[in-house]
Amino acid sequence: MLIVNNLVKKYGKQNAVNDISFELQGGEVVGLLGPNGAGKSTTMKCIVGLLRKTSGEITLGGFDHLSVEAKRLFSYIPETPYVYDLLTVQEHLQFIAQAYGVRDWKDKTDKYLEIFELSDKADKLGRDLSKGMRQKVSICCALLPDPQVLFFDEPMIGLDPRAIKNTKQIFKELKNAGKTILVSTHLIDSVETIADRVMILKNGNIVGNDTISNLKHQFVQEEGTTLEDLFLEMTKDE
Amino acid sequence: MNEIRLLFWKDIRILINNIKLILKNPLRLLPYAGVVGYIFFMYTMRMKDRSNGDSTEQLKNLDLDAIPSIDFATQNIIGGITVLALIFLMYQLFKATKNNVSFFKMADVNYLFTAPAKPENILIYYMGRMILPTLGGAIIFIAYGASQAAASFDFTTANLVFLVLSLALFLFMLWPIRFLVYTLNTKFGVLEYIKTGVIGLTLLLAALILIPGLMAEKFWQGMFSWISSPWFDFFPLVGWSRGIGSYLSHGNMLISLGFVALYVICYFVVVKLVIRFSGYYYEDVLEATKSNEEKLDKARGKKQLGESSYSLNTSKKLALPDFGTGAKAFYWRNYVHSSRQDFHPLFGLYSLIMVAVGILLAGLSLFDWFSHYFIYAYLMIMLLLYFFAGIGRASVGDLKKPYFILVPASWSSKFWNLIKLDIVQITLFCLMMVIPAVLIAGLHWLIVPFFLLATIELYLIGFGVNLIPQIALDEGWDRKLIKPVMIAGIFFFGLIPTFGLSLVTFIITKKFVWALGACSVGCFFIAAILMHVSLDVLKRLEFKEV
């Protein structure tokens, strides 16, 4: 579904993403892990077209990632949930429904607003929402078009425990529905249970890209090792 | 063109929600009503003057033989306005080589840029939409200007429409042009060529003023003769706007519409070029959009002004002394910050320049043709400057950080360490400037302590004026209403009597030194009261996080 070939992103002379290649098959859930500054957000922003890649090739469903056709296939949940100050929660969803051509948006809107406990905030303006609520709006907007691929960039930041639980539940439901998900996060346990595979980035390079069990087998030989231990082992400074 | 429809729908919804917000709180309209009232008042006053017929009477009595063949006054007014517009245009072009223009919000980045929408359609819509704020600004400006000039000109609807168009189109066209300049730079890396072009054009325009000026009998008579001549109306943007606005004098609609047509053609050419060269521009506007959003947040008070805004050298390696523990950490932090801002934390480049100017003025005062009053005026300007520096200090720094509350030290100690570096800097600056100045110019030696005291006191007054309402008053109407009352109180019962006393002292003694002495004594009491209140309210400081 997603093919990234030799992606390079430079800021000036510095390589933020250093010639990485990977693929995401349809229905796969992949966790993108890495320490701060590893290049996770940059990679994701290059894929969704917010940053211009220095070189490399990215295709989504066979289309170039910058084409309108590719964009119909995915949704992106950004790290910082900016919203329109003067649009209500409901209007945000209506806006997205129009942008993506979602027909039965009203029922879906009600469903997602209920899941994320935003039903009573439907008429609230964006400027009056807390950061957590904005994040919820952002997630609802991403789910509304029912995309094939979802890119979550630190989706749990700012969410309350119930919303985190609901988001994890949503991940499971999306996985069961055959959606492809790439989720970048620092909350390792949030992907441990649902990720088919993890990719660990360090200094713009992929230092591990496999199933959790294979990576454990490859890098840590001890029994009872968690994904967190594995992450710390693979990203430690030499 | 689904994107255009979608964006139009979004903006209509935003407009409706804004109207709803205003209706919820109509008091928001009060300042606007004030502006409209002022314009209306000025208009009626000017119309009254006009009906008195003073100007026409003057015209009748005009000695036609005394009028020069060239109306230099009109020429210089037209030339002056043209030069101002040209400076603004050059500045905008130069700015475009450094930063990109962003028409977008971060919400657009998150929701629109990742949506299946064509980037060029989004750009076309947002670029076209910029006509609304520029038109609005132009209407307000022309309404204000017309109300002031109503006695001299006959403002018909057509006059006003063309004046509004001339200003609005000029401001509007700058946006796509700036975007194009940045786009060409990112696409082809032609920054140096564009910069050279802008500098070359600036020199050419300067020559257009200098050459006729030097050729004329008197410089001021000739300097604007070229750029105020009718052929300059064909100079892009500035000239075209002048051509549109000149309807006021010639009344020929066809000529003015011709210049409007030039703008329309230019807009379409620039848009075509922008669409062609901007390509996938999302990354180019990302930084500018984020920075605009942050500025907006700061303006709304959501975020404090970052200290890094003033930093000159962030990578400077520092070997700093340890000043001690507790609240001294704040002095240390200010010291570090100041070290990065200037070549020395206690005495920087600006201080050096100001000292040099002071000493230069003192040196010049030794000549007969240069009065001591220039030094006195300079000292008073410095006093005013440090008053504003005090006001600014309360907005930047540790005060809004949680550490200021958390550090285990007394409030008075924290407060002292917060302002200590400024006091040291002020003291050094004052002494280094005023001692040589007094010695060179042969002024009274008491100016040294009086100036030092008055500067520190005015700095503390400025600091207190801004700090007290920030901490003591909650957000909203409290701060908006009580702050001006408080400032007015400080002015009416503190600063004005002090300056009054100073002035009286000067009139009686005819000596600046005693006037400065009176000022420093008066300011001492105001500063003492404000510092007492500041220390008292400081205990109520709480960390406000958004």
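Residues numbered from 1 in each chain as written. Chains lettered and ligands numbered in written order. Predicted model: local features only at pLDDT ≥ 70, side-chain atom pairs only at ≥ 80, totals over all residues.

## Description of the overall build of chain A
Piece 1. Within chain A, the secondary structure is distributed over 9 helices and 10 strands.
Piece 2. Within chain A, the proportion of its 238 residues that are buried is 45%.
Piece 3. Intrachain contacts of chain A at a sequence separation of at least 6 include 69% that bridge at least 24 residues. (Helix = DSSP H or I, 4+ residues; strand = E, 2+ residues; numbered from the N terminus. Buried ≥ 20, exposed ≤ 12 C-beta atoms within 10 Å, placed from the backbone. Contact = placed C-beta atoms within 7 Å.)

## Some remarks on the sheet that holds strand 4 (residues 55-60) of chain A
Piece 1. Read across the open sheet, the 4 strands follow the order 2-1-4-5 (chain A); overall the sheet is antiparallel. Two strands bound the open sheet, and with one partner strand each, they are strand 2 (14-24) and strand 5 (63-64) of chain A. (Pairing = 2+ DSSP bridges.)

## Considerations on the interface of chain A and chain B
Piece 1. At the interface, 26 residues of chain A touch 23 residues of chain B.
Piece 2. Sorting the residues of the side of chain A that touches chain B by element identifies helix 2 (68-71), helix 3 (89-100) and helix 5 (131-143) of chain A as the ones contributing at least two each.
Piece 3. The leading source of residues in the side of chain A that touches chain B is helix 3 of chain A, at 6 residues.
Piece 4. Of the residues that constitute the side of chain A that touches chain B, the class distribution is 18 nonpolar, 4 polar and 4 charged. (Nonpolar A, V, L, I, M, F, W, Y, C, P; charged D, E, K, R; others polar.)

## Focus on the packing of helix 6 (residues 119-129) of chain B against helix 13 (residues 253-278) of chain B
Residue and element names in this part refer to chain B.
Piece 1. Contact geometry of helix 6 with helix 13 gives a least axis separation of 10 Å together with a crossing angle of 145°. For the pair helix 6 and helix 13, the sense of crossing is right-handed. Contacts between helix 6 and helix 13 pair Glu-120, Leu-123, Ile-124 and Met-127 from the former with Val-271, Val-274, Ile-275 and Ser-278 from the latter. (Axes fitted to C-alpha atoms, helices over the stretch in contact; angles between N-to-C directions. Left-handed = near helix turned anticlockwise from the far one by under 90°.)

## Here's the deal with the environment of Gly-222 of chain B
Residue and element names in this part refer to chain B.
Piece 1. Looking at the secondary structure, you find Gly-222 in helix 10 (residues 219-222).
Piece 2. The sequence separation of Gly-222 and Phe-72 amounts to 150 residues, and the corresponding C-alpha distance is 8.5 Å.
Piece 3. Not counting residues within four places of it along the chain, the set of residues in contact with Gly-222 comprises Pro-212, Gly-213, Met-215 and Ala-216.

## Digging into the environment of Ile-529 of chain B
Piece 1. Assignment of secondary structure puts Ile-529 of chain B in helix 22 (residues 512-538).
Piece 2. In the structure, Ile-529 of chain B is positioned 68 residues away from Ile-461 of chain B in sequence and 9.1 Å away in space, judged by C-alpha atoms.

## Overview of helix 5 of chain A
Piece 1. Relative to the 18 Å expected for 13 residues at 1.5 Å per residue, helix 5 of chain A spans 19 Å between its end C-alpha atoms, a close match to the ideal helical length.
Piece 2. In terms of residue burial, helix 5 of chain A counts as a mostly covered element, since 11 of its 13 residues are buried.
Piece 3. Of the surrounding secondary structure, the elements contacted by the buried residues of helix 5 of chain A are strand 6 (74-77), helix 3, helix 4 (105-115), strand 7 (149-153) and helix 6 (161-176) of chain A together with helix 5 (106-112) of chain B. (Expected span 1.5 Å × (residues − 1).)

## Quick look at the sheet that holds strand 8 (residues 180-184) of chain A
Residues and elements named next belong to chain A.
Piece 1. Here 6 strands make up an open sheet; going across it, the order is 6-7-8-3-9-10 and the pairing mixed. Of all strands in the sheet, those with a lone pairing partner are strand 6 and strand 10 (205-210), marking the two edges. Each neighbouring strand pair of the sheet contributes to a mean axis angle of 15°, computed without reference to strand direction.
Piece 2. For strand 9 (residues 197-202) and strand 10, the ladder comprises 5 bridges, and the chain directions are antiparallel. By the bridge assignment, Met-199 is partnered in strand 10 with Asn-209.
Piece 3. Sheet strands in contact with helix 9 (residues 227-235) are strand 3 (29-33), strand 9 and strand 10, and its direction is about 30° off that of strand 9.

## A word on the confidence of the model for chain B
All names here are of chain B.
Piece 1. Per-residue pLDDT for chain B has a mean of 81; in total, 87% of the residues score no lower than 70.
Piece 2. Least confident of the elements in chain B is helix 3 (residues 54-60), whose mean pLDDT is 50; most confident is helix 11 (residues 238-245), at 92.
Piece 3. Below a pLDDT of 50 lies the segment residues 304-312, which in the model reaches 14 contacts outside its immediate sequence neighbourhood of four places, other chains included.
Piece 4. For this predicted complex, the interface confidence score (ipTM) comes to 0.76, while the overall pTM stands at 0.66. (pLDDT = per-residue confidence, 0-100.)

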